[in-house]
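What follows is the residue order along each chain.
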Amino acid sequence: MNWVFFLYFSAMSVASASNIGGTRQDILHNDDGGYRNILVAISRSVPEDLSLLNRIQGHFESASEFLFEATEKQVYFSDITILVPNTWTLNSSWEVAEDETFDKARILVGPANRVWGDKPYTLQPGLCGVEGDYIHYTPEYLTNGTAQGRNIVKEFAHLKWGLFDEDVSINEKVAFRLHNENSELSSTRCGEYIGSFVNKITGEVCDMSKEKDPNCLYVPTAAKTDSSILYAHHLPSVTKFCSEETHYRGHSNRQNRLCEDRSAWEVMNNLPDFGVDHQKKRIENFSLIPRIKIIQEIGAKSHTNQRPITENPNGLKTTPTTTVEEDEKKSENEIEYKITEKDANDMNILLSVTAKPVPNSQPIAISTRVDSHDIDFKPNSTLTIYTNIFQGLTPVPNLTVHCLVNTSTGLEVKIKSFDDGTGLDSTPNDGVYTASMASHKFQGSGYYSIQVEVDGEGIASGSRANRVKRRTQRTVSGGVFIVSNFTGSVTDRTPPDRITDLLADFGSERNGSTIFTLSWTAPGNDLNVGRASNYTFYVSNDSSTSNLQVLPNNHKSILTNVNSLLVDAGTNLELEIDFEQLEFGDGSNVTLNTYYIRMVAEDDKGNQAEHSNPVSLTIADPQTINLWVPTTTTSTTTTTTEAITTTEATTTTTSSIDQLDTTPADISDVKTAPISQQMLLILGLGISGGVVCLLLIAVFIILIMKRKNGKMKYSLVFKGEKTDQTENVNIIVLD
């Protein structure tokens, strides 16, 4: 009976595209617009709390109604499955999980991430319109956060439709503003709001008329319009996604950069989930309340292993007649232990030193996937390789990663992977390293294998003041893919990556001129491989691409030798522009208060990338900022300041914190965040099988005795490395 039901229900559903590589469970889309097969999995690290299940159910009920209205009554949540870990007490009312696992779930509930904390986020390794991997929530947010139902809709837009946020963008050094066509100072956003610029470090309201501080972010407290959910989902009056008519093109946010200035609805309308008349498929009086099913992992409730009992805080095990003391005054890589023996006779001592991992610590795992396992070769075929490097759910950044592709003819192609948020890599420092293989690199039909080389030096994070650097090298298998219908070598048609991180500073005075500095990350010759051969700059009077005019590389406004910028992909570049020398028009040398700059990279075969994101250069009147700041009372200022410094449960408080503590800002600049959130433990990368090894060092030493006060005292010095990953060091003294 269940099998017949399955066949019938599948016929009424549309299987949406899965995440990249199909590593997680598909979310299905019913003909009536309902989403089903949504697996919410609770981590085994989450303590048993039955009320959490009720909260998840309530949040999805409110999210379903909000989703229905936000998408103009097109889609909603139909069926939700919650996977309870086997560390929770067995409940006879729950079904037993079959093939559902935490690693397959699209929504995860687990401990706070060392990068994002309790802030919800979606892991999105793909570009615009491509499904993400999963959404991560913490029990703390689901319990004490606000606007959780609305947040589910926002994060689901990231996960299912490949949309991105419209607030502060990745690596945005001057994200608090973007100058519009009227030379007015305004915030990076989508929609019209009332709010204040607030210093993200001090929490104080910024006086933008005196100083343009890059630490000042715009915090909206009320909306003048009903959009956008991707910018201010927490405001009660915001109920819609930005459309083609309401979208703010040219603003330096992730949605514009990665979706080429397209609004949320312009992306959504090109997806199979939309543009269909779902209303005809709905039964009369259908319900927006999702059906919730609770299942539990197979296996009885497990118990956490107890830490071994030791006789001193350092975890040193000794014989009843032996005392071992640790001397903390040695260098960070040298530990001295003093062993005192009560027996006055000479003796040989066998010392065994063992470093063990901390209980419940997670190994660093490396996994690789491709965007297609079966490539029907075309002249423009490319392969994208994604390498995930995580410790639990915490990304491990700042490593050097190369993919070695062994072709069907036996040749090896070495490609560097990037986690810098440029080109095909959507988010910097998210633990997903991205590489691409161009069509002219393929050698024939047949099987291709991938190996991944990981090399890097990290710093162990933890509570100790001394942190140990460790260099790690590891090679893992990346699987295989198949190429068919190879027609022979093809002409290089692969352009450099589109530049998506073009930025402009505030400008500075020099010899009577205003000099702006543009910065970006160098693309390659083929996407992000190699080096570009030329850059073309464009100037315009607006943020669109309709009025672009070429700005020659030797133009008097360009103060940097462009040839010096033709360097390897991934290099940070800068170019200076003299604002007063810029020109725009039909030969009449029209001068403007605001210019918009875009650029295009070109390879050695003349293949050109798409236009970069725009940046604006302007000398704006600072007083125009008042158009966006409440002009009345000190109460507004007080409210905003409290919103930054407190975590009390008011809608204004949490929304303001969300606005300041954006995911991209958390992970894009490791220099501004606390070191405990950034220094990720590299110890364990060299361990195959995904298990942290036990470092075992056996030392056989015959010590020279010194007699003092009837006791024998031995001094042992050995070099080792102490990190918070090490639970204890055992020294066993034997006769």
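Whatever comes next refers back to the structure up there.
We now turn to the structure provided with this report. (Residues numbered from 1 in each chain as written. Predicted model: local features only at pLDDT ≥ 70, side-chain atom pairs only at ≥ 80, totals over all residues. Heavy atoms only, no water.)

Concerning the overall build of the chain
Looking only at helices and strands, the chain has 11 helices and 37 strands in total. When the 735 residues of the chain are sorted by exposure, 53% land in the buried category. In the chain, the proportion of contacts linking residues at least 24 apart, taken out of those at least 6 apart, comes to 71%. (Helix = DSSP H or I, 4+ residues; strand = E, 2+ residues; numbered from the N terminus. Buried < 20%, exposed > 50% of the residue type's maximum accessible area, 1.4 Å probe, protein only. Contact = heavy atoms within 4.5 Å.)

Some words on the pairing of strand β11 (residues 193-199)
For β11, the buried fraction is high: six of the seven residues fall into the buried class. Taken together, the seven bridges between β11 and strand β12 (residues 216-223) define a ladder with antiparallel strand orientation. Bridge pairing in β12 places Val198 opposite Leu217. (Pairing = 2+ DSSP bridges.)

Details of the nonpolar core
One finds Tyr35, Ile42, Ile56, Phe77, Trp161 and Phe241 to be the most contacted residues of the largest nonpolar core, which totals 57 residues. Looking at this core, the element that brings in the most residues is helix α2 (residues 50-70), giving eight residues. Phe241 has contacts with Ala70, Thr71, Val153, Ala157, Trp161, Ser227, Ser228, Ile229, Leu230, Ala264, Trp265 and Met268, leaving out every residue within four places of it along the chain. Among the nonpolar cores identified, the runner-up in size contains 28 residues, and Leu502, Leu573, Tyr595 and Leu617 belong to it. (Core = buried A, V, L, I, M, F, W, Y, C linked by side-chain atoms within 4.5 Å.)

Here's the deal with helix α4 (residues 148-161)
Between its first and last C-alpha atoms α4 spans 19 Å; for 14 residues at 1.5 Å apiece the expected length is 20 Å, and the two agree. Just beyond α4, the residue with positive phi is Gly162, at close to 70 degrees. (Expected span 1.5 Å × (residues − 1).)

Notes on α2
Between its terminal C-alpha atoms α2 stretches 31 Å, which fits the 30 Å expected from 21 residues at 1.5 Å a residue. Glu72, located one to two residues past α2, shows a positive phi value of around 60 degrees.

Describing the state of the cysteines
Scanning the entire structure with this criterion turns up two disulfides. Paired through a disulfide, Cys128 and Cys259 show a sulfur-sulfur distance of 2.1 Å. Here the S-S torsion is close to 105 degrees, and the disulfide linking Cys128 with Cys259 is therefore right-handed. Pair noted here: Cys128 is in the loop between β9 (121-123) and β10 (134-137) and Cys259 is in the loop between α6 (254-258) and α7 (264-268), with a separation of 131 residues, a long-range link. In this pair, the class of Cys128 matches that of Cys259, namely buried. Note that Cys190 is cross-linked by a disulfide to Cys242, the S-S spacing being 2.1 Å. Disulfide Cys190-Cys242: the torsion about the S-S bond is -125 degrees, which places it as left-handed. In this pair, Cys190 is assigned in the loop between α4 and β11 and Cys242 in the loop between α5 (229-232) and α6, connecting sequence segments 52 residues apart. What makes Cys190 buried here is its relative accessible area of 0%. Residue Cys242 is classed as buried on the basis of its relative accessible area, which comes to 0%. (Disulfide = S-S within 2.5 Å.)

Things to note about unusual backbone geometry
A positive phi angle is found at Ala147, which is not glycine, with a value near 55 degrees. Its place among the elements puts Ala147 in the loop between α3 (139-144) and α4. A positive phi angle, close to 65 degrees, is found at Asn398, a residue other than glycine. Within the fold, Asn398 resides in the loop between β20 (394-395) and β21 (400-406).

Comments concerning the sheet that holds strand β29 (residues 534-540)
What the four strands build is an open sheet, ordered β30-β29-β32-β33; its pairing is antiparallel. Where the open sheet ends on each side, the last strands, each with one partner, are β30 (549-551) and β33 (615-618). Strand-to-strand, the axes of this sheet are offset by a mean angle of 40 degrees, without reference to chain direction. Strand direction decides the pairing type here: strand β32 (residues 594-602) and β33, joined by four bridges, are antiparallel. Bridging across to β33, Ile597 finds its partner in Val615. (Axes fitted to C-alpha atoms, helices over the stretch in contact; angles between N-to-C directions.)

Observations concerning the environment of Ala105
In this fold, Ala105 is placed in the loop between β7 (95-96) and β8 (107-109). A residue is classified by how much of its surface remains accessible, and Ala105, at 0% relative accessible area, is buried. Between the C-alpha atoms of Ala105 and Val40, which are 65 residues apart in sequence, the distance is 5.9 Å.

Focus: the pairing of β32
Most of β32 sits inside the fold, with nine of its nine residues counted as buried. Across seven bridges, β29 lies against β32 in antiparallel orientation. For Ser540, the partnering residue across the bridge sits in β32 and is Tyr596.

Considering the pattern of salt bridges
Taken as a whole and judged by the stated rule, the model has 18 salt bridges. The salt bridge partner of Arg291 is Asp79, with a shortest N-O separation of 2.8 Å. Remark: Asp79 occurs in strand β6 (residues 79-84) and Arg291 occurs in strand β13 (residues 291-296); sequence separation between them is 212 residues. The exposed category is assigned to Arg291, whose relative accessible area is 51%. Looking at Asp79, the relative accessible area reads 19%, which means it is buried. With a closest N to O distance of 2.4 Å, Arg369 and Asp133 form a salt bridge. Separated by 236 residues along the polypeptide, Arg369 in strand β17 (residues 364-370) and Asp133 in the loop between β9 and β10 bring together distant segments of the chain. (Salt bridge = Lys/Arg side-chain N within 4 Å of Asp/Glu carboxyl O.)

A short note on the sheet that holds β7
Strand order in this open sheet of seven strands is β7-β13-β6-β4-β8-β10-β9, and the pairing throughout is mixed. Unpaired on one side and paired on the other, β7 and β9 mark the two borders of the sheet. Relative to the sheet, α2 contacts β4 (38-42), β6, β8 and β13, its axis offset from that of β4 by approximately 150 degrees. Along the sheet, α4 makes contact with β4, β9 and β10, crossing β10 at roughly 150 degrees.

Describing the packing of aromatic side chains
Within the structure shown, the criterion is met by 22 aromatic pairs. When the ring of Phe442 is compared with that of Tyr448, the centres are 5.9 Å apart and the planes differ by 65 degrees; the resulting orientation is edge-to-face. Under the relative-accessibility criterion, Tyr448 is labelled buried at 1%. Every member of this aromatic cluster is reached through a ring pair, and the members are Tyr35, Phe60, Phe77, Phe156, Trp161, Phe241, Trp265 and Phe274. (Phe/Tyr/Trp six-rings, centres within 6.5 Å; stacked < 30°, edge-to-face > 60°.)

Purely geometric numbers; function is a separate question.
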